[in-house]
Amino acid sequence: MPATKESRIRRQAEKAYAAADYTTAAAAYQQLFSYGVQSEDIYLHAADAYADAGHHADAVALLKSSLADYPDSSALKDELEALDPTVHFDPEGGDFTDPVSVKLSTDAGDSILYTIQRDGDSTKPETIEYATPAELSYSGRYTVTAHAIAKDGEAGSTEVISYSYEYETAKIAVTGTDGSKTTYEYQKNKSIVTPETE
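This write-up is about the structure you can find in this document. (Residues numbered from 1 in each chain as written. Predicted model: local features only at pLDDT ≥ 70, side-chain atom pairs only at ≥ 80, totals over all residues. Heavy atoms only, no water.)

## Re the environment of Ala155
Then, number 1: Inspection of the secondary structure puts Ala155 in the loop between β7 (140-148) and β8 (159-165).
Then, number 2: For the pair Ala155 and Ile112, spaced 43 residues apart in the sequence, the C-alpha separation amounts to 9.3 Å.
Then, number 3: The residues touching Ala155, leaving out its near neighbours within four places in the chain, are His56, His147, Ala148 and Ile149. (Helix = DSSP H or I, 4+ residues; strand = E, 2+ residues; numbered from the N terminus. Contact = heavy atoms within 4.5 Å.)

Given below as structure tokens:
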């Protein structure tokens, strides 16, 4: 591609970008890419233009592909995280014998939205905006689904983590004054669950 033509298209893209004409800017950047023209700045501006023009998925895909050419670029990584924020789970799923307090966080983005579905529960889970840790306090298997909101207001990638909580129990036998025996079953660290009288 002749340098003069490349320069003209680049100027057109930058002018449109500066004027907030993101649809025109995105088209011009796409033309540059089709001619094999690329740089970190072009990728960053193009991703912004795509996102601001309403093409969120294209912006994310472009940033992911750009990291193949610039794998050490912190600017591209930060922009990808801003447009496709990752939700972090603490703890990161697994099997537990004590109630689980699930903390959610993200390095970028705004709010985090999540649902919790307990196996066997046919009720559609409510979507909740994360504010405090989610408490899994009843025995069972849970699926926690979450995503963060990107800087352009779109949903980031959905993360799904499973937790299994099975409480431990203990039994104690008590003999009454009349000789009858009652066995009490305890949930670990909880109150009495069920008495069994003999």
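## Describing helix α2 (residues 22-34)
Then, number 1: In this model α2 runs 18 Å from its N-terminal to its C-terminal C-alpha over 13 residues, within 8% of the 18 Å that 1.5 Å per residue would give.
Then, number 2: Within the sequence span of α2, burial applies to Ala25, Ala26, Ala28, Tyr29, Leu32 and Phe33. All buried residues of α2 lie within an arc of 165 degrees about the axis, which places them on one face of the element. For α2, the exposed residues lying more than 90 degrees away from the buried face are Thr23 and Ser34.
Then, number 3: One or two residues past the end of α2 sits Gly36, with phi positive at roughly 80 degrees. (Expected span 1.5 Å × (residues − 1). Buried < 20%, exposed > 50% of the residue type's maximum accessible area, 1.4 Å probe, protein only. Arc of directions from axis to C-beta.)

## Observations regarding the sheet that holds strand β1 (residues 87-90)
Then, number 1: Here three strands make up an open sheet; going across it, the order is β1-β3-β6 and the pairing antiparallel. Edge strands, defined here as strands with exactly one partner in the open sheet, are β1 and β6 (134-136). Direction aside, the axes of adjacent strands within the sheet are offset by 25 degrees on average.
Then, number 2: Strand direction decides the pairing type here: strand β3 (residues 100-106) and β6, joined by three bridges, are antiparallel. Paired with Val100 across the bridge in β6 is Leu136. (Pairing = 2+ DSSP bridges. Axes fitted to C-alpha atoms, helices over the stretch in contact; angles between N-to-C directions.)

Distances and angles like these do not, on their own, reveal function.
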